[in-house]
2 protein chains.
Amino acid sequence: MKIDKSVVRRFSLFDKMPDSDLEALLAQATPRRAAAGEAMFEQGAEATHFFLLINGRLKVTQVTADGQQIIVRVVHPGDLFGFARALRRADYPGTALSVIESLALTWPTELWPQFLDRSPYLAVSALNTIGQRLDEAHTRIREMSTQEVERRVAHTVLRLSQQAGRTEDNGVRIDFPITRQDIAEMTGTTLHTVSRILSAWESNGLVEGGRQKLLVRDSVRLQALADSSDS
Amino acid sequence: MKIDKSVVRRFSLFDKMPDSDLEALLAQATPRRAAAGEAMFEQGAEATHFFLLINGRLKVTQVTADGQQIIVRVVHPGDLFGFARALRRADYPGTALSVIESLALTWPTELWPQFLDRSPYLAVSALNTIGQRLDEAHTRIREMSTQEVERRVAHTVLRLSQQAGRTEDNGVRIDFPITRQDIAEMTGTTLHTVSRILSAWESNGLVEGGRQKLLVRDSVRLQALADSSDS
DNA sequence: TGAGCCTGTTGCGCTAGGTCAAAATGCGGT
DNA sequence: ACCGCATTTTGACCTAGCGCAACAGGCTCA
């Protein structure tokens, strides 16, 4: 199967790359499809490829020694992921699970240096991405250290609505199926607490819930809640 | 002032670098000394240099909008730090505060690419370092999400004793001044709770405390406490 | 169309650990 | 040797949020 360059051109990663380079890059890639619930790669497996998500949605999870799971990150179309090897890791540190039917391009890890050389913009973008990952991680640590659960959930929901929001009549819809459990694993709490918080928000008109659904109705008030200490 | 290559040779970063390259690298560096309590760079300042700690000890802190502080990382001799710019950040994301009198080498950020090119080992090490940072951050997130405070403190103390431990007659001493407050900011809790925990450990013979001091007497039992759920 | 399952809701009790307050212990400077 | 400050300890109290449990509403698959 062949991926046309028009499909990936919209991603900022390839913003300023000449057509010829982009085509060469795509020629080296192998597409990889994963149905909902299927993994692109598993935690601990040898890192043989790195990936670019074309469409769909993934969650990267880690499981602790005692079986607890956390969601490290949500992967959106246009994101590079699974480039562990680039940071000199032999195996994938997490599992990339597709939440909905997803399509990614894959390249063998050996091609990473070549991938970066293909264009100075690409190299910059890739480093940028890594820097952002670090930032996000530290932000999360800061939030978990200093904020109570409700504010953390607010931040997380807002982030999701920005990264994966589709505007609707009465608000911004999170554009992929997400459970209370998922949100709990992203904020370091339990699904019970998340459920309670969302219920409270719903009766205040902040959001609108549903089975694996979430609609942010009033992002301004939600933002206010996320920023200041008391409601 | 001139730094001799023998001083830095012991750092694994320069393990396999030829003398000539190492000398050239040092020739481009400017030493920077900071007294205890002084900052090498401040959060938000333009990232003009990257650093290598020669000796001393630093803590990298971040302050939240509402004035709360957390400790992102402790920097040990031989560690690269402040290479924000390499990840395409314009400013330093945190403040690097020296805990004791410290000496670092600094290079202008423009030299980063050149720095990496100097030796393939160096490039690998640097990427390695970034990968480790990400790992550490995720480990911390995982711990904060799933473990109770006592286990987190145990992990943190053990990590410190491994990274900055000096073996003494009756245990391993954390080889720089560290307060209960510091440990609290590393684990996401309060100094009160840390104090209580350490007191309890002290009466069980696990550690020996003191003003800005900490000695791990029984790392085996401490490790056991860190690994399993109940005492 | 119904059975079963997955996801979400809600009540209740409990406790880890935060907050507030006060006292004790060093430690450095004069 | 003494004063003042920073750090630590400890107690008492209180609450956010976790664990447990029961139930309800959809969705899926036969």
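Everything quoted here is computed from the prediction, not taken from an experiment.

As for the UniProt feature "domain: HTH crp-type" (unreviewed entry) in chain A
Next up, step 1: As annotated by UniProt and renumbered to match this structure, "domain: HTH crp-type" (unreviewed entry) occupies residues 147–220 of chain A.
Next up, step 2: From the first C-alpha to the last, residues 147–220 of chain A spans 19 Å; its make-up is 53% helix and 22% strand.

Observations concerning the protein's contact with DNA strand C
Next up, step 1: For DNA strand C, the set of nearby residues contains 17 residues, the closest of which are Ser195 and Arg211 of chain A together with Val149, Thr189 and Thr193 of chain B.
Next up, step 2: Counted by atom, the contact set of DNA strand C within 4 Å of the protein is 62% sugar and phosphate.
Next up, step 3: At 3.4 Å from a phosphate oxygen of DNA strand C is found a side-chain nitrogen or oxygen belonging to Thr190 of chain B.
Next up, step 4: Within the residue set of the surface near DNA strand C, elements represented by two or more residues are helix H7 (191–203) of chain A together with helix H7 (191–203) of chain B.

Some details on the protein's contact with DNA strand D
Next up, step 1: Looking at DNA strand D, there are 19 residues lining it, with Val149, Thr189 and Thr193 of chain A together with Ser195 and Arg211 of chain B nearest.
Next up, step 2: Taking the atoms of DNA strand D that fall within 4 Å of the protein, sugar and phosphate contribute 61% of them.
Next up, step 3: Note that a phosphate oxygen of DNA strand D is positioned 2.6 Å from one of the side-chain N or O atoms of Ser195 of chain B.
Next up, step 4: With five residues, H7 of chain B is the single largest residue contributor to the surface near DNA strand D.
Next up, step 5: Taken together, the residues that form the surface near DNA strand D break down as three nonpolar, ten polar and six charged.

Conventions adopted
- Residues numbered from 1 in each chain as written.
- Chains lettered and ligands numbered in written order.
- Predicted model: local features only at pLDDT ≥ 70, side-chain atom pairs only at ≥ 80, totals over all residues.
- Heavy atoms only, no water.
- UniProt positions renumbered as here; feature names shortened; annotations may be inferred.
- Helix = DSSP H or I, 4+ residues; strand = E, 2+ residues; numbered from the N terminus.
- Near = heavy atom within 4 Å.
- Polar contact = N/O pair within 3.5 Å; in protein donor to acceptor, adjacent residues only side chain to side chain.
- Nonpolar A, V, L, I, M, F, W, Y, C, P; charged D, E, K, R; others polar.

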